[in-house]
Amino acid sequence: MVKGTDYLEMLNFKSINIFGATGNITSIINISLWVLIISALIVMIIKFISHRVMVEILEKVKGGYVSKGGRYAVVYDRKNDLAYLRPMWGKERLPNFPSEAFQKTKGVPFIGIKRELSLIKVNKYSYKASLPEPGTAKTGSIKYHDTLSWMFLEQRRKFLKKISKENIYYVLMVMAPIIVILASIGMVSWVIYVHARLDANYAAYLGELLKIAQGATGK
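About the thresholds
- Residues numbered from 1 in each chain as written.
- Predicted model: local features only at pLDDT ≥ 70, side-chain atom pairs only at ≥ 80, totals over all residues.
- Heavy atoms only, no water.
- Helix = DSSP H or I, 4+ residues; strand = E, 2+ residues; numbered from the N terminus.
- Buried < 20%, exposed > 50% of the residue type's maximum accessible area, 1.4 Å probe, protein only.
- Contact = heavy atoms within 4.5 Å.
- Areas by Shrake-Rupley, 256 points an atom, 1.4 Å probe, with all protein chains shown as cover.
- Phe/Tyr/Trp six-rings, centres within 6.5 Å; stacked < 30°, edge-to-face > 60°.
- Lys NZ or Arg CZ within 6 Å of the ring centre and 35° of its normal.
- Polar contact = N/O pair within 3.5 Å; in protein donor to acceptor, adjacent residues only side chain to side chain.
- Pairing = 2+ DSSP bridges.
- Core = buried A, V, L, I, M, F, W, Y, C linked by side-chain atoms within 4.5 Å.
- Salt bridge = Lys/Arg side-chain N within 4 Å of Asp/Glu carboxyl O.

Engineer: Residues and numbers for the overall build of the chain, please.
Structural biologist: Looking only at helices and strands, one finds 3 helices and 8 strands in the chain. Helices and strands in the chain line up, N terminus first, as α-α-β-β-β-β-β-β-β-β-α. For the chain, buried positions account for 17% of its 219 residues. Across the chain, every contact between residues at least 6 apart in sequence was considered, and the portion connecting residues at least 24 apart equals 44%. Carbon and sulfur atoms form 66% of the exposed surface of the chain, whose accessible area is close to 16900 Å².

Set out below in structure tokens:
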């Protein structure tokens, strides 16, 4: 038998606590912040451990030269069967060079720099590796390494990625109206279902009241 108080409690949506009555919002926020901080530190340490090649690039611009650099990791591309240098931050990859172009250095264990690579950017598609003179820190021999084949594969990869992204956007543009229509139909159906259940419960409640009233009057 459905009691009147039960039916009224069912209609009182404010009494429903989705997150639990004992939930402490402040504690949840503090725990979430600590999880984010620890996760960021772990990601940072992993990046330092995996990117232990320091690359310095000297590029000629109007009015002089610009030097820039950062930490990289040597990664093997199985699809193109070639190795490349992946930056610690950003998306611009660099071609890999023979081991003779790298200089071994002594850095902090695990997270320090292990090798250095000095490059001269001739143009957008070619680089020259610069090596210091033995026993000195001055620039010595400058050797050209062919990077055109890698650059061709890299430009092709970017082009295919762009085409794939555009195809995804096109599919999303086509699917978005369909998803909105289906979501609207689902929402309307859910509202109709909930309303029907409330009416059914209310009818059952009135039926129970009628039975109680008939029993009290003896009719």
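Moving on from the coordinates now.
Engineer: If you had to explain the packing of aromatic side chains to someone new, which residues and values would you point to?
Structural biologist: One pass over the full model with this rule turns up 0 aromatic pairs. Lying over the aromatic face of Tyr 84, Arg 93 brings its terminal NZ or CZ to 4.2 Å of the ring centre. A cation sits over an aromatic face here: Arg 115 above Phe 102, 4.4 Å from the ring centre.

Engineer: Go over the side chain of His 51 with me, naming the residues and quoting the values.
Structural biologist: Relative to the assigned elements, His 51 resides in the loop between α2 (25-50) and β1 (53-61). A polar contact of 2.9 Å, which involves the side chain of His 51, links it to the side chain of Ser 50.

Engineer: Tell me about unusual backbone geometry, and name the residues and values.
Structural biologist: Its identity as a non-glycine residue notwithstanding, Phe 110 has a phi of 75°, on the positive side. Inspection of the secondary structure assignment puts Phe 110 in the loop between β5 (103-104) and β6 (115-123). On the basis of relative accessible area, Phe 110 is assigned to the exposed category, the value being 62%.

Engineer: Which residues make up the pairing of β1, and what values go with them?
Structural biologist: As defined by bridge partners, β1 adjoins strand β2 (residues 64-77) across 9 bridges and the pair is classed as antiparallel. Each residue of the ladder has a partner; that of Val 61, found in β2, is Gly 64. Between β1 and the antiparallel strand that follows it, β2, lie 2 residues; Gly 63 among them carries a positive phi value of about 90°.

Engineer: Go over the nonpolar core, please, and point to the residues and values.
Structural biologist: One finds Val 55, Leu 94, Phe 97, Leu 117, Leu 119 and Tyr 127 to be the most contacted residues of the largest nonpolar core, which totals 18 residues. Put simply, the parts of the chain that give this core at least two residues each are β1, β2, β3 (82-87), β6, β7 (126-132) and α3 (148-217). Ignoring any residue separated from it by four or fewer positions in sequence, one finds Val 55 in contact with Lys 68, Gly 69, Gly 70, Tyr 72, Leu 85, Leu 94, Leu 117 and Leu 119.

Engineer: Would you mind going over the pairing of β2 in detail, with residue names and values included?
Structural biologist: The sheet contact formed by β2 and β3 spans 6 bridges and is antiparallel. By the bridge assignment, Val 75 is partnered in β3 with Tyr 84. Joining the antiparallel neighbours β2 and β3 is a turn of 4 residues, in which Asp 81 adopts a positive phi near 60°.

Engineer: Could you give an account of the pattern of salt bridges, with specific residues and numbers?
Structural biologist: Two side chains that carry opposite charge are able to pair once their charged atoms sit near each other. Taken as a whole and assessed by the stated rule, the structure comprises 4 salt bridges. When the shortest N-O distance is used, the salt bridge between Lys 158 and Glu 92 registers 3.4 Å. Within this pair, whereas Lys 158 is found in helix α3, its partner Glu 92 is found in the loop between β3 and β4 (94-95), the two being separated by 66 residues in sequence. According to the relative accessible area criterion, Lys 158 is partly exposed, its value standing at 30%. The exposure class of Glu 92 is exposed, given its relative accessible area of 54%. Taking the shortest distance from any N to any O, the salt bridge between Glu 154 and Arg 157 comes out at 2.7 Å. In this pair, Glu 154 and Arg 157 both sit in helix α3, 3 residues apart, roughly one turn of the helix. Assessed through its relative accessible area of 6%, Glu 154 is described here as buried. What makes Arg 157 partly exposed here is its relative accessible area of 22%.

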